[in-house]
Amino acid sequence: MASPKKKLQGLVAATITPMTENGEINFSVIGQYVDYLVKEQGVKNIFVNGTTGEGLSLSVSERRQVAEEWVTQGRNKLDQVVIHVGALSLKESQELAQHAAEIGADGIAVIAPFFLKPWNKDVLINFLKEVAAAAPALPFYYYHIPALTGVKIRAEELLDGIQDKIPTFQGLKFSDTDLLDFGQCVDQNHQRQFALLFGVDEQLLSGLVMGATGAVGSTYNYLGKKTNQMLEAFERKDFSSALNYQFCIQRFINFVVKLGFGVSQTKAIMTLVSGIPMGPPRLPLQKATREFTDNAEAKLKSLDILSFPGVKDGNLEACS
Ligand SMILES: CC(=O)N[C@H](C=O)[C@@H](O)[C@H](O)[C@H](O)CO
Ligand SMILES: CC(=O)C(=O)O
């Protein structure tokens, strides 16, 4: 197990949960998936059982098995494996947090309960604190995703004084476009002790300018390499190249968003790009259409984002 004090940095892929055609979890491809992320995408951190992983659509027993398989397969290959353990039931969340600690995960993350909701910051912190306490040796991340949870308590408010309440608090995954809120999280993180991870892939460059220390997202499964090029350009202060990379990524995401983009489509794109079968999503999601996949494939080729064999450089839309 990696040292829990090591700061989570760079890109973190929000893993897909591979499934068979009849809707069971396909554990057999997770080993290959780890190798693909590390070798082909240069991504060495993962976020398991989150939105992209359909974590909230899995049973507790499935969540435990999925977490365990990623930790096992990632050993000596990945830097960090963070397990999302959020649930509507505090008990289930605690059980998953404790399990994550037992299997040697590097951290846990929790979304706000989204059916019966916490109505203010103090109540939300009380909930998070109870979960964090079930894994007292693991770094704890709050997963802020107000558009999906409906819990709109501002992240900067939550962060204020949080370590007094949750000693294992280690950072935030910020999946929102409110850069005022995000900027104020960075601004109050004086000692730079927290990982402030941006979660809107198509706007990551703005997140970096505002001080993000890393990023968690679904597209890093297949655009990790391209996004790493953007991070490197940003590091060397080559902002015009960084912007070119961001625009390239935006062209693709904008295209698929217009067709209708979500977890189902992420599964289809990843299957196409990696060659590893991700399978269909679980209800209430529905499998992406053949038409979507064909269109996405044509776009990836015309942008020259992925060097598909046989595709020539030099078309006008190409990114590189
Ligand atoms: C709602 C959602 O799933 N957000 C993901 C992570 O937070 C992102 O990685 C997006 O999938 C990505 O930014 C594309 O919109
Ligand atoms: C994108 C992300 O972080 C998630 O799928 O949970």
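Residues numbered from 1 in each chain as written. Chains lettered and ligands numbered in written order. Predicted model: local features only at pLDDT ≥ 70, side-chain atom pairs only at ≥ 80, totals over all residues. Heavy atoms only, no water.

Draft legend 1. Structural detail: the pattern of salt bridges. Taken as a whole, this structure holds ten salt bridges when the rule is applied. Across the pair Glu-95 and Arg-64 runs a salt bridge whose closest N-O atoms are separated by 2.9 Å. Residue Glu-95 is found in helix H3 (residues 90-103), and its partner Arg-64 is found in helix H2 (residues 60-74); the two are separated by 31 residues along the sequence. Classification of Arg-64 by relative accessible area gives partly exposed; the value is 28%. The residue Asp-178 makes a salt bridge to Arg-154 at a minimum N-O spacing of 3.2 Å. With Asp-178 in the loop between strand E6 (169-174) and helix H8 (179-188) and Arg-154 in the loop between helix H5 (146-149) and helix H6 (155-159), this pair connects stretches of sequence that are 24 residues apart. Through salt bridges with shared partners, a single network forms among Arg-154, Glu-156 and Asp-178. (Salt bridge = Lys/Arg side-chain N within 4 Å of Asp/Glu carboxyl O. Helix = DSSP H or I, 4+ residues; strand = E, 2+ residues; numbered from the N terminus. Buried < 20%, exposed > 50% of the residue type's maximum accessible area, 1.4 Å probe, protein only.)

Draft legend 2. Highlighting the UniProt feature "binding site: pyruvate" (unreviewed entry) in the protein. Mapped onto this structure's residue numbering, the UniProt feature "binding site: pyruvate" (unreviewed entry) falls at Thr-52 and Val-216. Taken along the chain, the residues just named run across 165 residues; in space they keep tight, none of their C-alpha pairs more than 10.8 Å apart. Residues from the annotated list that form part of the lining of the largest cavity: Val-216. Tracing the backbone shows Thr-52 in the loop between strand E2 (45-48) and H2. Given the relative accessible area of 9%, Thr-52 is considered buried. Not counting chain neighbours up to four residues away, the residues in contact with Thr-52 comprise Ala-14, Thr-15, Ile-16, Thr-17, Ser-218, Val-263 and Thr-266. Position of Val-216 relative to the elements: it lies in strand E8 (residues 214-217). Residue classification places Val-216 among the buried positions, given a relative accessible area of 1%. If we ignore the near neighbours within four places in the chain, the residues touching Val-216 are Val-12, Phe-47, Lys-173, Leu-197, Phe-198, Gly-199 and Asp-201. (UniProt positions renumbered as here; feature names shortened; annotations may be inferred. 1 Å grid on protein atoms, 1.4 Å probe; cavity = no way out; pocket = protein on both sides within 12 Å on 5 of 7 lines; lining within 4 Å. Contact = heavy atoms within 4.5 Å.)

Draft legend 3. Spotlight on the confidence of the model for the protein. Residues at a pLDDT of 70 or more form 95% of the protein, whose mean pLDDT is 95. Among the prediction metrics, the complex's ipTM stands at 0.95, with pTM recorded as 0.95. (pLDDT = per-residue confidence, 0-100.)

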